[in-house]
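Structure at a glance
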Amino acid sequence: MRGNRRVMRRCLIAHRAVCYNGARPNWFDIPPHNYFGSPPLVNLRAQVGLHELLLLAVLVGTGSVASRIDAKVSFSREVQPMLAARCFACHGPDQAESGLALHQQASAHQEADSSAVAIVAGQPGESELLRRIASDDPSERMPPEGEPLSPEEVEILRQWVIEGGAYEKHWAFVPPKRQEPPQVARGDWVANPIDAFVLARLEQNGLQPSPPTERRVLARRVYYDITGLPPTIEELDDFLNDDRPDAYEQLVDKLLASPRYGEKWARHWLDVVRYAESNSFERDATKPYVWKYRDYVIRSLNDDKPYDQFVREQLAGDELDEVTTEGITATGFYRLGTWDDEPADPLQARYDDLDNILSTTGQAFLGLTVGCARCHDHKIDPMPQSDYYSLLAFFGDVTSYALPHNRDTRVHSLWDRSAPEHARTRADLEARQNELRGVARRLEKKAIIQMPAPDQRRAETDQREELLREKIDEYLTADEYQQYTGIRVQLDEAALQLKELPPANWVLSLAVCDPRPNPTRIMTRGNPHIPGDTVEPRFPELFGSVKPTISEPAPGARSAGRRRVLADWIASSENMLTGRVVANRVWQHHFGRGIVRSSSNFGLLGTPPTHPELLDWLQFYLIDNEWRLKSLHRLMLLSNTYQMSSQAAPEALAADPANDLFWRFDMRRLTAEEVRDSVLYVSGELNEKLFGPSIYPKLSAEVLATQSQPGKNWSTSARHDASRRSIYIHIKRSLVVPELAVFDFPETDRSCEARFNTTQAAQALNLLHGDFMQKQASYFAERVKREAGNQLDRQIEHALRLAMQREPDDQTVDDALALVDQYRSEHGLSEHQALTQCSLMLLNLNEFVFLD
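Residues numbered from 1 in each chain as written. Predicted model: local features only at pLDDT ≥ 70, side-chain atom pairs only at ≥ 80, totals over all residues. Heavy atoms only, no water.

**Things to note about the overall build of the chain**
Per the secondary structure count, the chain includes 38 helices and 6 strands. Its C-alpha atoms put the chain at 100 × 85 × 55 Å along the principal axes. In the chain, 71% of the contacts between residues at least 6 apart in sequence involve partners at least 24 apart. Approximately 37,700 Å² of the chain is accessible, and the part contributed by carbon and sulfur atoms is 51%. With 98 positive and 123 negative side-chain charges, the chain shows a separation of 3 Å between the mean positions of the two kinds. (Helix = DSSP H or I, 4+ residues; strand = E, 2+ residues; numbered from the N terminus. Contact = heavy atoms within 4.5 Å. Areas by Shrake-Rupley, 256 points an atom, 1.4 Å probe, with all protein chains shown as cover. Lys, Arg positive; Asp, Glu negative; His and termini not counted. Charge placed at Lys NZ, Arg CZ, Asp CG, Glu CD.)

Right, dumping it as structure tokens:
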């Protein structure tokens, strides 16, 4: 039965591979299940024969074609990941059963307890590893549990042994080298060096790049990839009618200069740094002013801030030579994680929060799963537990989000960045208020405990102030009452003075630090209650870096200065990972997947790069261009690799079904934000206001009821405000807006390197029946009537043009008119209701929800 399921799954993958080819049949001819919710279907017979399809299913299922493209076996890309996944649990760094450890060459090539040698260089027949993995005897076959290695995997290992069975240093832990673009046969196809690297791999494997996509498709693709919004009809027409040789180049430059670019690309970064606007746990309280960090990211991207500066500001914006409000806002990075305001074990909670910061830092900037070394040496990567705590020591001065059981974020996390004289005056007045309130509360308590029981109970209600006004003089001495009334007068005066000051500019940030933190200890098994050896701030051993120099904080220093040292090291052009990690992220969001698919894990269990030389080249290109990301965007977008069609070719599908070699452009569904923003855009409701506090779209009572305290901290915004772009939606960890949640919005407790891309029933239900979609369809219908006039045929033509961004053919218009007539004649709908239902259906088309 399991075998049947595997075959069915492989056939389904193969079916999708040939169906997702960008073909668009007339949508009125598509059965109902082929509206959004399944890929656009095409005539399979016209694309690939039955025998080819079955062969493709086998190839995709085994992974033989995708993983064995090159003639010579790559240890780091093919062998090591296989050994780590299938063998290290019993024969790796943690344990070496039967005296065999396969994570190092020396131990893998020596005799095991049985006197057999697992790997004998050049002699597959003498290698015990090969005999055991290929054995038909269940008592001998390795691995002993789970599925056996496939014949293709066995062949990879056999060929590797023939070639010498040599181990090599993991590719990511070797400093990148400057690469020269390779020579290719089809030099006329190369628009820039990216194409040379891609085409060289294709030619090595007997493949050809797909032809260029049509201009309309390319325009829609680049608009969404840069701005997250579709082009207007006028913008699309302008481009299609522009016959200048550099028309596309001009379009790319225009879009990169648009403020919409920052709104689109900020969301990618917010996924990585686990951005949310609440704390999680039972109360899930709002993080005050956290939206300013979001706006900081948008502005930084729009300004094309050098990436190395972007890194330094987030890690040490308060320690830089020039401390600015922008840099302080960037340190909100440290306040984005979850926070338990009532932990059962405060010390454990404190170290959990620090681990969240360190793990996010490692994944976001270095592409390393540092957190795996918290409790023990990293099982796969060369990172001992001491390295984890040495890195943690750099964050020794990072205070907690707030004090446990206090919940007052102003203690540690809110920094007033008003004019200095105003900030000082405000701080002095508030300190005076706190002092006076403390004295007043003591006098109130003295009076209340002398009152009768009914009044004491009344003092615990919202009638407390009224009670005190009526009766406090009866229970205090004359001197005490005089003191109390004097305090109330002083409090009123202080409040008036505060009101006269300009508004405070509060920033959620690393407002308070510990300039002389306690020594960092290695926690035995990660348990903070069992501290071990002391460690100093130090970079991981695998980098081979020199010991950092950290000066003692000067008297009166507000921080320890350690984070600045860490930030400078991470942002250095000499760091072997930082440039490659960010270049890979940019590639990922333009081409659908990274050169390294596991974009936050460049370690041994990550996915090896499909084009390592290209990745190295891109890193140096970025550094040479002052770390400015727009130059990298421009290079990628102007390549012929980016401009290829997504059409499938049977020969290429058979050779490379996963498109590892980039022989075509990968079709994609719009992201959750793009779907919602596009609906607003087409309906004419989109409010394009930039920046500012977050918005709260209307949620149903059923959705609000999913909170532990239904409706708390969710105030519905006005219609115009609620129609802003999705990046401005308040991200509450316990209450994600359904329009985002069903389309794979990421879980925000941990860093997200890449979102899932699912197709499931809730998406179709939301698009068809959700209150948001129903209302937007009505606004869409109103728009087309307003802009196209009173003739139904012109309304339909305009609606089709807006939704599909192309001229509709006569048959499509006729079918839509017939559909509207059917709604009216058979279902009794009014003209507006029928047009609304037709508009809703247009917003559910694959052509609307998918690119290419």
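Once the structure has been displayed, the description carries forward.
**Some remarks on the nonpolar core**
With 148 residues, the main nonpolar core has Leu 102, Val 222, Trp 269, Tyr 293 and Leu 618 as its most contacted residues. Listed in part, the 56 residues of the second largest apolar core include Leu 229, Trp 714, Phe 780 and Cys 838. (Core = buried A, V, L, I, M, F, W, Y, C linked by side-chain atoms within 4.5 Å. Buried < 20%, exposed > 50% of the residue type's maximum accessible area, 1.4 Å probe, protein only.)

**Examining the side chain of Ser 639**
One can find Ser 639 in the loop between α27 (629-637) and α28 (650-655). Separated by 2.7 Å, the side chain of Ser 639 and the backbone oxygen of Met 636 make a polar contact. Ignoring sequence-local partners within four residues, the contact set of Ser 639 consists of Asn 192, Ile 194, Asp 195 and Phe 591. (Polar contact = N/O pair within 3.5 Å; in protein donor to acceptor, adjacent residues only side chain to side chain.)

**Observations concerning the side chain of Asp 284**
Mapped onto the fold, Asp 284 is located in the loop between α14 (259-272) and α15 (291-302). One polar contact links the side chain of Asp 284 to the main-chain amide nitrogen of Ser 280, over a distance of 2.6 Å. Those residues in contact with Asp 284 that sit more than four places away from it in its chain are Ser 278, Asn 279, Asn 713, Lys 732, Arg 733 and Ser 734.

**Remarks on the environment of Ile 695**
Along the chain, Ile 695 turns up in the loop between α29 (672-683) and α30 (701-704). Sequence separation between Ile 695 and His 730 is 35 residues, and the spatial gap between their C-alpha atoms is 5.6 Å. In contact with Ile 695, other than residues within four places in its own chain, are Arg 676, Ser 717, Asp 721, Ala 722, Arg 724, Arg 725, Tyr 728, Ile 729 and His 730.

**Describing helix α35 (residues 792-804)**
Across its 13 residues, α35 extends 18 Å between first and last C-alpha, which sits within 8% of the 18 Å expected from 1.5 Å per residue. Residues Gln 795, Ile 796, His 798, Ala 799, Leu 800, Arg 801, Leu 802, Ala 803 and Met 804 constitute the buried set of α35. (Expected span 1.5 Å × (residues − 1).)

**As for helix α26 (residues 612-624)**
A rise of 1.5 Å per residue sets the reference length of α26, with its 13 residues, at 18 Å; its end C-alpha atoms lie 19 Å apart and thus fit the reference within 8%. Counting buried positions along α26 gives 10 out of 13 residues, so the element sits mostly inside the fold. Of all the residues in α26, the buried ones are Pro 612, Leu 614, Leu 615, Asp 616, Trp 617, Leu 618, Gln 619, Phe 620, Leu 622 and Ile 623. Here the buried face of α26 lies against α5 (75-86), α10 (193-204), α25 (578-591) and α27. Glu 626 lies just past α26 and shows a positive phi near 60 degrees.

**Topic: the packing of α14 against α25**
Two elements in contact, α14 and α25, have axes whose closest approach is 12 Å; the angle formed by their N-to-C orientations is 120 degrees. Comparing their axes, α25 and α14 come out oblique. Here α14 runs over α25; the crossing is right-handed. Contacts between α14 and α25 involve Trp 265, His 268 and Val 272 from the first element and Arg 585, Val 586, His 589 and His 590 from the second. Along the lines of polarity and charge, the residues of the contact of α14 with α25 split into 3 nonpolar, 3 polar and 1 charged. (Axes fitted to C-alpha atoms, helices over the stretch in contact; angles between N-to-C directions. Parallel < 35°, antiparallel > 145°, perpendicular 65-115°, else oblique. Left-handed = near helix turned anticlockwise from the far one by under 90°. Nonpolar A, V, L, I, M, F, W, Y, C, P; charged D, E, K, R; others polar.)

**A look at the packing of helix α18 (residues 346-366) against α25**
Remark: α18 packs on α25, axes separated minimally by 7 Å, with the N-to-C direction vectors making an angle of 75 degrees. Classed by the angle they form, the pair α18 and α25 counts as roughly perpendicular. The residues of α25 that touch α18, namely those facing Gln 363, Ala 364, Phe 365 and Leu 366, are Thr 578, Val 581 and Arg 585. Looking at the contact of α18 with α25, its residues break down into 4 nonpolar, 2 polar and 1 charged.

**A few points about the pattern of salt bridges**
Counted according to the given criterion, the structure contains 62 salt bridges. Note that Glu 326 is salt-bridged to Lys 305, the shortest N-O span being 3.0 Å. Remark: Lys 305 occurs in the loop between α15 and α16 (307-316) and Glu 326 occurs in helix α17 (residues 325-330); sequence separation between them is 21 residues. Exposure remark for Glu 326: the relative accessible area of 32% places this residue in the partly exposed category. According to the relative accessible area criterion, Lys 305 is buried, its value standing at 9%. For the salt bridge of Arg 719 with Glu 685, the shortest nitrogen-to-oxygen distance reads 3.0 Å. Here Arg 719, found in helix α31 (residues 719-722), pairs with Glu 685, found in the loop between α29 and α30; they are 34 residues apart in sequence, far enough to count as distant. We classify Arg 719 as partly exposed; its relative accessible area is 48%. Salt bridges sharing partners connect three or more residues here, namely Arg 260, Glu 263, Arg 676, Asp 677, Glu 688 and Arg 725. (Salt bridge = Lys/Arg side-chain N within 4 Å of Asp/Glu carboxyl O.)

**Observations regarding the environment of Gln 774**
Note that Gln 774 resides in helix α34 (residues 771-788). Among the residues examined, Gln 774 registers a relative accessible area of 28% and is labelled partly exposed. A C-alpha to C-alpha distance of 8.5 Å links Gln 774 and Gln 837, two positions 63 residues apart in sequence. Leave out the neighbours within four places in its chain, and Gln 774 touches Leu 768, His 769, Thr 836, Gln 837 and Leu 840.

**A closer look at empty space enclosed by the protein**
Scanning the model with the defined rule gives 10 cavities of 30 Å³ or more in all. Space inside the largest cavity adds up to approximately 220 Å³. Considering the residues around the largest cavity, the lining is formed by 17 residues, among which Trp 265, Trp 269, Leu 301, Val 582 and Leu 629 are closest to the centre. Among the elements of the structure, α14, α15, α16, α25 and α27 are those that each provide at least two residues to the lining of the largest cavity. The dominant element in the lining of the largest cavity, judged by the number of residues it contributes, is α14, at 5 residues. Partitioning the lining of the largest cavity into residue classes produces 11 nonpolar, 4 polar and 2 charged. (1 Å grid on protein atoms, 1.4 Å probe; cavity = no way out; pocket = protein on both sides within 12 Å on 5 of 7 lines; lining within 4 Å. Points joined across faces, edges and corners; volume = space filled by probe spheres on them.)

**Considering unusual backbone geometry**
Here the bond from Met 142 into Pro 143 is cis, since omega is -5 degrees, no more than 30 degrees from zero. Take Pro 143: it is sitting in the loop between α8 (128-133) and α9 (151-162). Non-glycine residue Phe 281 carries a positive phi angle of around 60 degrees. Structurally, Phe 281 is set in the loop between α14 and α15. Non-glycine residue Asp 744 carries a positive phi angle of around 70 degrees.

**Side note on the environment of Leu 301**
Looking at where Leu 301 falls in the secondary structure, it is placed in helix α15. For Leu 301, a relative accessible area of 11% gives the class buried. Sequence separation between Leu 301 and Leu 819 is 518 residues, and the spatial gap between their C-alpha atoms is 45 Å.

**Side note on the packing of aromatic side chains**
Tallied over the entire structure, the rule returns 29 aromatic pairs. Their ring planes at 40 degrees and their centres at 4.6 Å tell us that Phe 75 and Tyr 167 sit as a pair that is tilted. Taken as a pair, Phe 75 in helix α5 and Tyr 167 in the loop between α9 and α10 lie far apart in primary sequence, 92 residues in all. Grouping aromatic residues by their ring pairs yields a cluster made of Trp 269, Tyr 275, Tyr 293, Tyr 296, Tyr 307, Phe 310, Phe 333, Tyr 334, Phe 365, Phe 395 and Trp 627. Of note, Arg 221 hangs over the ring of Tyr 642, and the distance from its end group to the ring centre comes to 5.7 Å. (Phe/Tyr/Trp six-rings, centres within 6.5 Å; stacked < 30°, edge-to-face > 60°. Lys NZ or Arg CZ within 6 Å of the ring centre and 35° of its normal.)

**Describing the confidence of the model for the chain**
Averaged over every residue, the pLDDT of the chain is 89; the share at 70 or more is 91%. A low-confidence stretch, residues 1-70 (pLDDT under 50), is modelled with 128 contacts involving residues beyond four sequence positions or located in other chains. (pLDDT = per-residue confidence, 0-100.)

**Comments concerning the state of the cysteines**
Cysteine pairs can be covalently joined through their sulfur atoms, and such a bond is termed a disulfide. The full count for this structure, using the stated rule, is 0 disulfides. Left without a disulfide partner, Cys 372 is nearest to the cysteine sulfur of Cys 375, which lies 9.8 Å away. According to the relative accessible area criterion, Cys 372 is partly exposed, its value standing at 39%. (Disulfide = S-S within 2.5 Å.)

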